[in-house]
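Analysis of the macromolecular model
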Amino acid sequence: MRRSIDTDAWRFLLAEPEWDLVGLWAEPGRVHLLRRVGGELDHVSLDCAASYPSVSAVRPSAVRLERAIHDLWGLVPEGLEDRRGWLRHEKEYDFLPVEGEGIHQVPVGPIHAGVIEPGHFRFHVQGETVVRLEQRLGYVHKGIERHMEGKTPAEAARLAARISGDSTVAHSLAFARAVEAALGQEVPPRAVFLRALMAELERVANHFGDVGAICNDAAFAFIHAQCQMLREETLRTADALFGHRLMMDRVVPGGVTQDLGDPEKLRRFIAAARPRFAEIVAVYDDKPSLGDRTNTTGITRKALVDRFAAGGYVGRAAGRAHDARKSPGYPPYDGLSFEVPVFEAGDVNARVWVRIREIEESLKLLEQILDRLPAGPIAAALPERAGEALALVEGFRGEILCWVRLDEAGRIARCHPRDPSWFQWPLLEAAIEGNIIADFPLCNKSFNCSYAGHDL
Amino acid sequence: MWQRVVRNLIGGPATEAGPKPDDEALAELAARLDGAARARLGRSLAIREVDAGSCNGCELEVNALSGPHYDLERFGLRFVASPRHADVLLVTGPVTRNMRHALLRAYAATPSPKWVVAAGDCAANCGVFAGAEGVVGRVADVIPVDLHIAGCPPSPRQLLAGLLALIETSGRSSAAGVASK
């Protein structure tokens, strides 16, 4: 439950030593802070007319969130020097200066060479070595948060499903769980299991794609081709089971919109994919020329990962074990058995291995879910009333936060979805430092942050 | 690895037969393009993809076209890194305020004759983002569009059927151009 506090209490909380920043968002005249303290969530809000004490001074992961809050809601973070617009691009943008002998700039984007999302990367390089990378994002900012306001949960769910297309199931699930919690609405058990089935299929599909794409950026096309085939077959299985390759608009507040097709198709897919992927993993493990590219490249240190509370494969590749499916945990995962793989090296190779192990775990989870799938209805009707709640869901990138408040008519008064990319993008700036610029695509792909999910 | 390579060689390709060119796309193109422009493009098209505000769902499916199942390049279609090398801009998403300028510059940098394909429902009519404050409009509100491919996101087969209509149209007209000389 949210506690409304005053400025002194806000400052006191910021000064506490041990806590993780999970979310920071605003609405007219109010700013919200979600912390994780010793594994417990603590949601506080501060009513403020024009400004509030900045969180960035104690948690640098808040810098971009505060710049976004300033852009969208006009609230000024007291103490944050960086007031450059983040999601609004009307003004000229001054990149941070770098001084030194023989340093030159390499501007990249917003349109990149490949088929990927837009964003600008400003490299300062000395010879081939990156001295500093500064990102500028916000190019695909559509104003999703404001656009959700006044819509029914069913209408807003279509927007939640399009926050980041590759995480459509996870974002839809976070939104649905937040709305259901706000209304105190239970979801039928079958829907709970079907949601997890879709979420794990999404995780597997994305990880297949990433493992292949990372190897491709290390010029190893064989694994890329093999993984592209596995990804395509995963999407076709999803299409056969739920009628959409990405399973968009299948998870909605109240349940799911489509029951499972023939479950044997999924069992056959798992039986075929498992040995084929094992073969690919053996090739990855066995190629020194590939390992030469991925080992010790793009290292994120554990201290930094902890400071940014970065989740997903970025965190777990550097020793940070957090997984929202375990903590705070949500059904049906509390009744399923799975491991959260953790590696220590924090390099591209470790991020590949986290994905490899997660694919294996998710394939096991899919089998468990099929074995235990309860019968019954797949959706419940939602009451129309006011409420406020948040939900945390583990997407393939990491922990997704969604907070929602409904008005008396049960419509969206305010919604804030926070993609895991917010806390991963800044770490990419740190990871590339001291690497050669030619390794940037490799590092970037191993992070695979969402532009759309971040820009909203 | 080599066993897999040998098995793949013996087992035949994973690549599937392509779809037929999309009829609606053919009709849209026939109405839109004059014979001279078509004749100059021939049967090979270089495509520059531009995400003008998409949720990245379209990018996932566009990327799938390069995989073994679809193998886009066998049709003479390929993705290029620069708009200066492109015949076709394949644009996704509603156009955001922050991407409008970059889209205009990419269009200006693409040499004529050029075609613009608006892929996905957002590119065609802003989709669920219609009216959002960061969105300036559909692709056709910013640059001239020659072909629309529907879907949210369009599947790789839908994308392929639309792009094959481009090839088909240009191929037929260049044959006609030769015959008339």
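Residues numbered from 1 in each chain as written. Chains lettered and ligands numbered in written order. Predicted model: local features only at pLDDT ≥ 70, side-chain atom pairs only at ≥ 80, totals over all residues. Heavy atoms only, no water.

In this section: the nonpolar core. Counting residues in each nonpolar core, the largest one holds 145 residues, and the members touching the most others are Trp10, Leu24, Phe175 and Ile223 of chain A. Both domain 1 (2-78) and domain 2 (148-420) of chain A contribute no fewer than three residues apiece to this core. Among residues more than four places away in sequence, those in contact with Phe175 of chain A are Pro153, Ala156, Ala157, Ala160, Pro253, Cys402, Val404, Ile412 and Cys415 of chain A. Core analysis: the next-biggest nonpolar cluster, separate from the first, contains 27 residues, Leu26, Tyr70, Ala119 and Leu160 of chain B among them. (Core = buried A, V, L, I, M, F, W, Y, C linked by side-chain atoms within 4.5 Å. Buried < 20%, exposed > 50% of the residue type's maximum accessible area, 1.4 Å probe, protein only. Domains from an automatic or database assignment. Contact = heavy atoms within 4.5 Å.)

With an omega of 20 degrees, the peptide bond running from Gly109 of chain A to Pro110 of chain A counts as cis. Among the secondary structure elements, Pro110 of chain A is positioned in the loop between β7 (103-108) and β8 (120-126). For the bond running from Ser112 of chain B to Pro113 of chain B, omega is -5 degrees, close enough to zero to count as cis. Structurally, Pro113 of chain B is set in the loop between α5 (100-109) and β5 (115-119). (Helix = DSSP H or I, 4+ residues; strand = E, 2+ residues; numbered from the N terminus.)

All names here are of chain A. Where helix α6 (residues 189-217) contacts helix α13 (residues 348-372), the two axes come as close as 9 Å, and the packing angle between them is 150 degrees. The orientation of α6 relative to α13 falls into the category roughly antiparallel. Relative to α13, the crossing made by α6 is left-handed. Tallied by class, the residues present in the contact of α6 with α13 amount to 17 nonpolar, two polar and six charged. (Axes fitted to C-alpha atoms, helices over the stretch in contact; angles between N-to-C directions. Parallel < 35°, antiparallel > 145°, perpendicular 65-115°, else oblique. Left-handed = near helix turned anticlockwise from the far one by under 90°. Nonpolar A, V, L, I, M, F, W, Y, C, P; charged D, E, K, R; others polar.)

With 49 residues of chain B at the interface, the matching set in chain A holds 50 residues. For the chain B and chain A pair, buried surface summed over both sides reaches about 3,800 Å², with 59% attributable to carbon and sulfur atoms. A per-residue breakdown of the area chain B buries against chain A is headed by Met1, Asn98 and Val128 of chain B, which together make up 17% of the total. Where chain B packs against chain A, one counts four salt bridges. Notably, a salt bridge pairs Arg245 of chain A with Glu61 of chain B, separated by 2.5 Å at the nearest N-O pair. The tally of links from chain B across to chain A stands at 22 residue pairs in polar contact (both at pLDDT 80 or more). Looking at the side of chain B that touches chain A, the elements with two or more residues in it are α1 (2-11), β1 (45-51), α4 (57-64) and α5 of chain B. (Buried area = accessible area lost by both parts, 1.4 Å probe. Salt bridge = Lys/Arg side-chain N within 4 Å of Asp/Glu carboxyl O. Polar contact = N/O pair within 3.5 Å; in protein donor to acceptor, adjacent residues only side chain to side chain.)

All right, on to the domain arrangement of chain A then. Residues and elements named next belong to chain A. Its domain assignment divides chain A into domain 1 (2-78) and domain 2 (148-420). The centre of domain 1, based on its C-alpha atoms, is set 27 Å off from the matching centre of domain 2. Across the contact, 21 residues belong to domain 1 and 19 residues belong to domain 2. Looking only at domain 1, the three residues that lose the most surface to domain 2 are Val22, Trp25 and Arg36, adding up to 30% of its buried area.

Residue and element names in this part refer to chain A. Where helix α8 (residues 263-286) contacts α13, the axes come no closer than 11 Å and their chain directions differ by 160 degrees. Judged by the angle between their axes, α8 and α13 are roughly antiparallel. Between α8 and α13 lies a crossing whose hand is left-handed. Facing α8, whose interface residues are Pro263, Leu266, Arg267, Ile270, Arg274, Phe277, Val281, Tyr284 and Asp285, α13 presents Asn349, Val352, Trp353, Ile356, Ile359, Leu363, Lys364, Leu366, Glu367, Leu370 and Asp371. When grouped by side-chain class, the residues that make up the contact of α8 with α13 number 13 nonpolar, one polar and six charged.

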